[in-house]
Amino acid sequence: MVVQKFHYEASLAEYSNNLAAIALLKQHRPYLEMIPSLRRPDESVITIPLPIVRFRSTATTDSQAIRLPCDVAILMCDPEWKIKTGAEILVFIHRPHEDFSDLLGRWRQTQVSLDKDYEWLMPPRHSHILSEGANTIYPLFVIFGETSERIQRGLVGAELPFIMQTPELLLEENSDSYFSEIPPV
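Each value, and the rule that gives it
- Residues numbered from 1 in each chain as written.
- Predicted model: local features only at pLDDT ≥ 70, side-chain atom pairs only at ≥ 80, totals over all residues.
- Heavy atoms only, no water.
- Pairing = 2+ DSSP bridges.
- Helix = DSSP H or I, 4+ residues; strand = E, 2+ residues; numbered from the N terminus.
- Axes fitted to C-alpha atoms, helices over the stretch in contact; angles between N-to-C directions.
- Contact = heavy atoms within 4.5 Å.
- Buried < 20%, exposed > 50% of the residue type's maximum accessible area, 1.4 Å probe, protein only.
- Arc of directions from axis to C-beta.
- Core = buried A, V, L, I, M, F, W, Y, C linked by side-chain atoms within 4.5 Å.
- Polar contact = N/O pair within 3.5 Å; in protein donor to acceptor, adjacent residues only side chain to side chain.

Some thoughts on the sheet that holds strand E4 (residues 72-78)
Logical step 1: Taking strand neighbours across the sheet as the criterion, the five strands line up as E1-E4-E5-E7-E8 in an open arrangement whose pairing is mixed. Pairing within the sheet leaves two strands with one partner each, and these edge strands are strand E1 (45-49) and strand E8 (162-165). Geometrically, the sheet is characterised by an average inter-axis angle of 25° between neighbouring strands, direction not taken into account.
Logical step 2: Relative to E4, E1 runs antiparallel, the two being bridged by five bridges. Opposite Pro49, over in E4, you have Val72 as the bridge partner.
Logical step 3: Running at roughly 155° to strand E5 (residues 83-93), helix H5 (residues 100-113) makes contact with E5 and strand E7 (136-144) of the sheet.

Digging into the pairing of E4
Logical step 1: Here E4 lies mainly inside the structure; six of its seven residues are buried.
Logical step 2: In the sheet, E4 pairs with E5 via six bridges, with the strands oriented antiparallel. For Val72, the partnering residue across the bridge sits in E5 and is Val91.
Logical step 3: Taking the residues between adjacent antiparallel strands as the criterion, E4 and E5 are bridged by four residues, where Lys82 takes a positive phi near 55°.

Concerning helix H6 (residues 149-157)
Logical step 1: Here H6 has its buried residues at Ile151, Gly154 and Leu155. Within H6, the buried residues cover an arc of 95° as seen down the axis, which keeps them to one side. Projecting away from the buried face of H6 at angles above 90 degrees are the exposed residues Glu149, Arg153, Val156 and Gly157.
Logical step 2: Here the buried face of H6 lies against H5, E7 and E8.
Logical step 3: Of the residues trailing H6, Glu159 is marked for its positive phi of about 55°.

Thoughts on the nonpolar core
Logical step 1: Of all hydrophobic cores here, the largest spans 25 residues; its most connected members are Leu90, Trp120 and Leu155.
Logical step 2: Elements supplying a minimum of two residues to this core: E1, strand E2 (52-55), E4, E5, H5, strand E6 (118-120), E7 and H6.
Logical step 3: In terms of residue count, H5 provides more of this core than any other element does, four residues in total.
Logical step 4: Here Leu90 is in contact with Cys70, Val72, Ala73, Trp107, Thr110, Leu114, Trp120, Ile137, Tyr138, Pro139 and Leu140, once residues within four sequence places are set aside.

Some details on the side chain of Asn18
Logical step 1: Looking at the secondary structure, you find Asn18 in helix H2 (residues 18-25).
Logical step 2: Under the relative-accessibility criterion, Asn18 is labelled buried at 10%.
Logical step 3: A distance of 3.1 Å separates the side chain of Asn18 from the side chain of Asp42, its partner in a polar contact.

Some points on the sheet that holds E2
Note: strands within a sheet are paired through backbone hydrogen bonds, in either parallel or antiparallel orientation.
Logical step 1: Spatially, the three strands line up as an open sheet ordered E3-E2-E6, and their pairing is antiparallel. Every other strand in the sheet has two partners, leaving strand E3 (64-67) and E6 as the edge strands with one partner each. Adjacent strand axes in the sheet meet at a mean angle of 30° when their direction is disregarded.
Logical step 2: As paired elements, E2 and E3 share four bridges and run antiparallel to each other. Along E3, the bridge assignment pairs Arg54 with Ala65.

And the structure:
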């Protein structure tokens, strides 16, 4: 089987929510431990779907904004001081018709892009938070049962962390809890 557009879109929509992003990180404990406060998840984790960064001006170039090739940026934020901490987790969701070199290439391109001084273009709710670039960026790959074994072997060989997801089950399990948090119109 081949990864369908639905798998990608459902996962992108799901992990755009910070509580779903935390649920994703629970599947890779070293990243879960980077969250400053699990008691205050709304103030500790900022998710940015299809993230954009702005590179700072230098003597020879003007500031420039680009969209990164990752799917979701998960930024950690100190809930007391309201500042972004040093760790940034970048989620790469396996896209339809994407082979290993394409998936790995997105991570490598992101590494090259973030090798400069940058700041995140934050969602409006978090625009007051200081958003300078990280000390360290960490990748997390989301693959599916339909993802080819070649991609799984490649991620294992490259020693890159990945999570196997089943979007249909993920959406069914979490839909009630997320929709109950949305205030009525």
